Each structure stands twice: as structure tokens, then as C-alpha cells.
Amino acid sequence: MKSIDELKKEIILYGKLAEEKNLTPGVSGNMSARYDDKILITSSGSANGYLDEDDFVVIDFDGNVVEGNKKPSSEKLLHCAFYKMREDVNYIIHMHSPYLSSFASAGLALDEPIMAENVFYFGKIPLAEYGLPSSVDLVEKTAKYFKEYNAVLMANHGFVVGDVSIKDAFLKLTLAESYAQVVLNTKILGGAKILSDEQVEEIYKLRKKI
């Protein structure tokens, strides 16, 4: 198991990368890591792109603070729900990146098979119904997708993704943001050419070979 200092360094690094790529504007979003039977999560009011080692709190899987003198992110219960449902998820990134947030705010899921790569990695990116940020309602409406999906759009809010490593979670964030931009561009160009059911099934079969 990685030490708490190692986990902090990872999150700080990828927070900076997200800032450089304009994926985490201002003081918004949050990041976390599974830490044995606890969760290391960014503190409330911290900026992902400018984190230091004091911007973290350790909580249990019910959201109670067990270490740290700051308040945990207000979305702590969303992180708790994701980790509880998915033992394979060790890191969670929740951000308000521009293109993904545009689709979330327009009430549009990214569920059409347009690009083979995105079908391969995501299948679909569903849209969870709106819930007040930091509320139990938000958690319930979003968490129901975690069993089947690693990435979910949150209506009028943003995007959340989880994976086994922070690198994998971050790469899925960048891939999804790029995909949202491509989908928007295709709408400007008159509409995307949708892959057929047969083509989608062929892509799914590739997952078992690679």
C-alpha cells in the first residue's frame, strides 16, 4: 500500500496537469485516493491545480474526518459511494472541465457511438439527473451508474471518473474532454456519422483481445 505522502504527491501532480490543460477552472472539483480502509480527499475550498500537502483530509467510508484539520470536500459522500461500490477503483477525479460541463449543462449524455476509441474505453458516458451539489440526492442520482460505468456526467454540474490508478483516471478525463469537443464539432459540421450496432460489437470484442 502506498504511503499517505505518496498519495498526496500523486494527486498534487495530476492536479497541476489538469490545471495546465484547463480541466479544473478556479476553485472547483475535487480528487481523492483510496487509503487502505479510508479515503484521502482534497479539502473544501482547495484548487486542484494549486494543491499543497496541507490541502488534504483523511475520512472514513461514511465521510467522517479521521485525520486532518480542514474540512473535506463537500462532495465527500459521492467519493465514498463510488469506492464502496467499486473495489477496483482506487482514485476518483471530479472536475468541471469546459466541454464535458457543457454537455452536462445542456442535459446531454455522451452515449452515441461516434469514435471507436471512446466506445472501447467508455462504452457510453451516461448523464445523471441534477442533484444539489454535496447533497445525498446528488449521490443517489449519480452513484446508480457507478456499478456499470467508470465515468459519469452530472447534470448542470460536471464530470466524475474513477479508476485503478490516478494516471488511468486522468487519461480518461482527458479522453472524455476531447471526445466532448469532437462531438460538439461534429454538430457544427452537420452531425456525426454514427457507428452501426455491428461495428460497436466488434469494438467491444477487441476489449477481450487487448
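Data block above holds the structure.
For the structure given in this document, a descriptive report is provided here.

Reading the values: the criteria
- Residues numbered from 1 in each chain as written.
- Predicted model: local features only at pLDDT ≥ 70, side-chain atom pairs only at ≥ 80, totals over all residues.
- Heavy atoms only, no water.
- Pairing = 2+ DSSP bridges.
- Helix = DSSP H or I, 4+ residues; strand = E, 2+ residues; numbered from the N terminus.
- Contact = heavy atoms within 4.5 Å.
- Axes fitted to C-alpha atoms, helices over the stretch in contact; angles between N-to-C directions.
- Core = buried A, V, L, I, M, F, W, Y, C linked by side-chain atoms within 4.5 Å.
- Buried < 20%, exposed > 50% of the residue type's maximum accessible area, 1.4 Å probe, protein only.
- Patch = residues over 30% accessible without salt bridge, like charges linked within 9 Å, V, L, I, M, F, W, Y side chains within 5 Å.
- Areas by Shrake-Rupley, 256 points an atom, 1.4 Å probe, with all protein chains shown as cover.
- Salt bridge = Lys/Arg side-chain N within 4 Å of Asp/Glu carboxyl O.
- Lys, Arg positive; Asp, Glu negative; His and termini not counted.
- Charge placed at Lys NZ, Arg CZ, Asp CG, Glu CD.
- Polar contact = N/O pair within 3.5 Å; in protein donor to acceptor, adjacent residues only side chain to side chain.

1. Some details on the sheet that holds strand S3 (residues 56-59)
Logical step 1: Within the open sheet, the 8 strands sit side by side as S4-S3-S2-S1-S5-S8-S7-S6. Their pairing is mixed. Of all the strands in the sheet, the pair left with one neighbour each is strand S4 (65-67) and strand S6 (127-128).
Logical step 2: Across 4 bridges, strand S7 (residues 151-154) lies against strand S8 (residues 158-163) in antiparallel orientation. Opposite Val152, over in S8, you have Val160 as the bridge partner.
Logical step 3: Against the sheet, helix H1 (residues 4-20) touches strand S1 (30-35), strand S2 (38-42), S3, S4 and strand S5 (91-95), its axis set at about 155 degrees to S1.

2. Quick look at the nonpolar core
Logical step 1: Ranked by size, the top nonpolar core spans 39 residues in total, and within it Ile11, Ile93, Leu100, Leu110, Leu153, Phe159 and Leu173 carry the most contacts.
Logical step 2: Listing elements by their share of this core, those giving two or more residues are H1, S1, S3, S5, helix H3 (98-106), S7, S8 and helix H6 (166-188).
Logical step 3: For this core, the element with the highest residue contribution is H6, accounting for 9 residues.
Logical step 4: Setting aside residues up to four positions removed in sequence, Leu173 forms contacts with Leu23, Ile93, Met95, Ser97, Leu100, Phe159 and Val161.
Logical step 5: Counting 20 residues, the second-largest nonpolar core is a separate cluster that includes Ile41, Val57, Ala143 and Val152.

3. As for a negative patch on the surface
Logical step 1: The grouping of Asp5, Glu6, Asp52, Glu53 and Asp54 at the surface amounts to a negative patch.
Logical step 2: Note that Glu6 resides in helix H1.
Logical step 3: The exposure class assigned to Glu6 is partly exposed, which follows from its relative accessible area of 43%.

4. Regarding the environment of Leu206
Logical step 1: With respect to the secondary-structure elements, Leu206 resides in helix H7 (residues 197-207).
Logical step 2: Along the chain, Leu206 and Asp36 lie 170 residues apart, while their C-alpha atoms are 33 Å from each other.

5. Examining a nonpolar patch on the surface
Logical step 1: On the surface, Leu184, Ile188 and Leu189 cluster together into a nonpolar patch covering about 350 Å² of accessible area.
Logical step 2: Summarising the element assignment, Leu189 is placed in the loop between H6 and H7.
Logical step 3: By relative accessible area, which is 74% here, Leu189 ends up exposed.

6. Looking at the side chain of Asn30
Logical step 1: Within the element layout of this structure, Asn30 appears in strand S1.
Logical step 2: Exposure remark for Asn30: the relative accessible area of 4% places this residue in the buried category.
Logical step 3: One polar contact links Asn30 to Ser73, side chain to side chain, over a distance of 3.0 Å.

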